[in-house]
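Survey of secondary and tertiary structure
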Amino acid sequence: MKKIILFISFFSGSGAWLSGQDTFSICAVDTITGEVGSAGASCIDASAIAGGVVIISDVHPGVGVIHTQSYWLSSNQNYAKSLMNVGLPPQQIIDSLVANDAQNNPGIRQYGIVDLFGTGARSAAFTGVNCLNYKNHILGYNYAIQGNILLGQQILDSMESRFLNTTGDLACKLMAAMQGAKVVGADTRCTTSGNSSLSSFLRTACPGGMILNLVVPQGPAGFEPIDSLQTLFDNVHNCSIPINCLSGISQAGNTEDFFVDVMPNPFSETTTLKITTKEKSNSMLEIFSGQGLPVMRENLKNKMEIVIEKKKLSSGIYFYKVTSDTGKMVSGKLVVL
């Protein structure tokens, strides 16, 4: 989704208060596929709060996304969640958040909310007058982009331009938007450390549940969390093959002379990955977690199939990639029950 000091206080009753965090983020929906998505980066890192900036993201599969940032309060986020759960539209959720702020101080908060509505979408955002400069938000038909303590308006504009002008599915557009903010000091507290931010995330969900949940909570001094997020993203997603909310993610690269079958999928005990090829070649199998982290790597040599046992993988969503030594590649999704 980074190394700078963030001040944190904890208050009983109203939840954690993240003091003055500088954050840029985007939430969006795809009215064609029913996908919803959330991405952002900030000077929050895992030494400050577990997972870093991902704490601002509240994804409701099949419904929408809520971002609560700038002096984040769990009580405000939970209140917003309850309002989306009962079907309130984004603008009404924000109006209620402002009117019922847990500390009666809505001027220091920032929100972005997008939802699916019939065959369309609705979006709303709020930037409190007392958020730290530079602060602003941009609204589109199916997206909301917001940030505070930014280098300037160009960060938000670049995110919007990349989102709108990138081809591919929602995940690819969100990743492009994050790359649009990869500027030293985009989050101004990171100017001296030479990176854009400290932590980053990208999450997408289909109506049936989360598909991608990529989180970069922190890293060594001087690393760029958006590049780290891109690495995780590239491990599990190919932008030439869009996510299909009916099957999770389409198989990429299948051709008549190089094909992969996985049966059964989902599986609860074992599944067999079978390779069909017209040419003899060695293949490499790689399996990645839903967070884009490698969990298994095996040289199949001349084997045409491999049995994967559940005991090697805990329940969840995984992505596999099979690459031949001639450069052909097939990827897809594994679901372990």
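If you're wondering where the values come from, they're calculated on a predicted model, not measured in any experiment.

Here we take up the sheet that holds strand β19 (residues 316-324). Backbone hydrogen bonds hold the strands of a sheet together, and the pairing may be parallel or antiparallel. Across the sheet, four strands lie side by side as β17-β16-β19-β20; this open sheet has antiparallel pairing. One side of each edge strand has no neighbouring strand; the edge strands of this open sheet are β17 (294-301) and β20 (329-336). Averaged over all adjacent pairs, the angle separating strand axes in this sheet is 20°, with direction ignored.

Under the criterion given, the structure shown has six salt bridges. Across the salt bridge formed by D58 and K81, the nearest N and O atoms sit 2.9 Å from each other. You can see D58 sitting in strand β5 (residues 57-60) and its partner K81 sitting in helix α1 (residues 74-85), a full 23 residues away along the chain. R122 serves as the salt-bridge partner of D115, at 2.8 Å between the closest nitrogen and oxygen. Judged by relative accessible area, R122 falls into the partly exposed class, the value being 23%.

Relative orientation of the contacting elements α1 and helix α2 (residues 90-99) amounts to 145°, with a least axis distance of 10 Å. Viewed along their axes, α1 and α2 form a crossing whose handedness is right-handed. Residues N76, Y79, A80, L83 and M84 of α1 form the contact with α2, whose participating residues are I93, S96 and L97. For the contact of α1 with α2, a count of residues per class yields six nonpolar, two polar and no charged.

Here the protein chain averages 84 in pLDDT, and 84% of its residues register 70 or above. Contacts of residues 1-20 to residues separated by more than four positions or lying in other chains number 80 contacts, the stretch itself having pLDDT below 50.

Procedures and definitions
Residues numbered from 1 in each chain as written. Predicted model: local features only at pLDDT ≥ 70, side-chain atom pairs only at ≥ 80, totals over all residues. Heavy atoms only, no water. Pairing = 2+ DSSP bridges. Helix = DSSP H or I, 4+ residues; strand = E, 2+ residues; numbered from the N terminus. Axes fitted to C-alpha atoms, helices over the stretch in contact; angles between N-to-C directions. Salt bridge = Lys/Arg side-chain N within 4 Å of Asp/Glu carboxyl O. Buried < 20%, exposed > 50% of the residue type's maximum accessible area, 1.4 Å probe, protein only. Left-handed = near helix turned anticlockwise from the far one by under 90°. Contact = heavy atoms within 4.5 Å. Nonpolar A, V, L, I, M, F, W, Y, C, P; charged D, E, K, R; others polar. pLDDT = per-residue confidence, 0-100.

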